[in-house]
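Each chain, letter by letter, is given below.
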Amino acid sequence: MIRKLRWKVVAITMLFVSAVMLAIFVGVYLNARTSLRQNAEQQLYQALQRGDGSLFRPGQDSGSLPCFVVEVYSSGTVRVSGSSYYQLDDALLAEIVAECLNQEADSGVLKTYHLRYLRSSSLLALRIAFTDSSLEQATLRSLVRTSFFIGLAALVVLLLCCCYLAVSQYAEYDSEGNRTEYVRYSADGKVEYISRYNS
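Anyway, here's the lowdown on the structure attached to this text. (Residues numbered from 1 in each chain as written. Predicted model: local features only at pLDDT ≥ 70, side-chain atom pairs only at ≥ 80, totals over all residues. Heavy atoms only, no water.)

Before going further, it helps to spend a moment on the pattern of salt bridges. Within the structure shown, the criterion is met by five salt bridges. Taking the shortest distance from any N to any O, the salt bridge between E71 and R127 comes out at 3.7 Å. Here E71, found in strand β1 (residues 67-73), pairs with R127, found in strand β5 (residues 125-132); they are 56 residues apart in sequence, far enough to count as distant. Take E71: its relative accessible area is 5%, and that puts it in the buried class. (Salt bridge = Lys/Arg side-chain N within 4 Å of Asp/Glu carboxyl O. Helix = DSSP H or I, 4+ residues; strand = E, 2+ residues; numbered from the N terminus. Buried < 20%, exposed > 50% of the residue type's maximum accessible area, 1.4 Å probe, protein only.)

This is the structure we're talking about:
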């Protein structure tokens with residue numbers, strides 16, 4: 001009876017700890033993803049606001065993400081600034097701009113090209129800032145892998161400790177509080193050792 005109860009306690013403990021750890025890791029992941037997205041969008045916004053009177057020169061500050069800005073005019077003219085880092089040809093650039101224009105949201109990720117974009121409309125043109133989202137995704141994948149291995153190691157250690165306690169010896173007492181015997185069970189549930197005491 002006591003042995004079965006111990007294993008039930010082990011199962012409940014592992015389930016509870018697993019749920020808590022999962023909630024913590026999910027919270028860390030969501031927080032990291034939001035932080036990375038906000039940082040990228042902030043730099044894209046700064047790229048849209050920066051200029052020298054005609055062309056924008058984004059991604060030139062130390063520590064900033066490499067990005068480029070596309071200006072699409074109502075006449076169909078397209079002007080590009082800061083794209084030398086990406087080495088884009090005209091055909092590929094046209095495909096990227098076309099897919100971005102087909103998106104409903106003003107910000108997001110073009111998964112096909114691994115680019116994060118931010119759109120901003122003005123009186124003269126539609127401005128679109130792009131930056132590479134590969135580093136952002138790689139950071140999140142690394143976080144998931146690290147969290148998985150840390151969580152797995154923690155659960156294994158906890159399981160071993162719980163199993164050790166579950167199969168270790170326990171004492172039995174009579175109605176007057178005197179210890180009468182203790183029994184130690186093995187991992188397969190068999191009795192390993194019994195010692196009886198006389199009151």
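Turning to helix α2 (residues 90-101), a few remarks are in order. Here α2 is 12 residues long and its end C-alpha atoms lie 16 Å apart, about the 16 Å a rise of 1.5 Å per residue gives. Listed in full, the buried residues belonging to α2 are L93, I96, V97 and C100. Along the axis of α2, the buried positions cluster into a sector of 95 degrees, meaning they face one direction only. Summarising the contacts, the buried residues of α2 are in contact with β1, β2 (78-81), β3 (107-110), β4 (115-121) and β5. (Expected span 1.5 Å × (residues − 1). Arc of directions from axis to C-beta. Contact = heavy atoms within 4.5 Å.)

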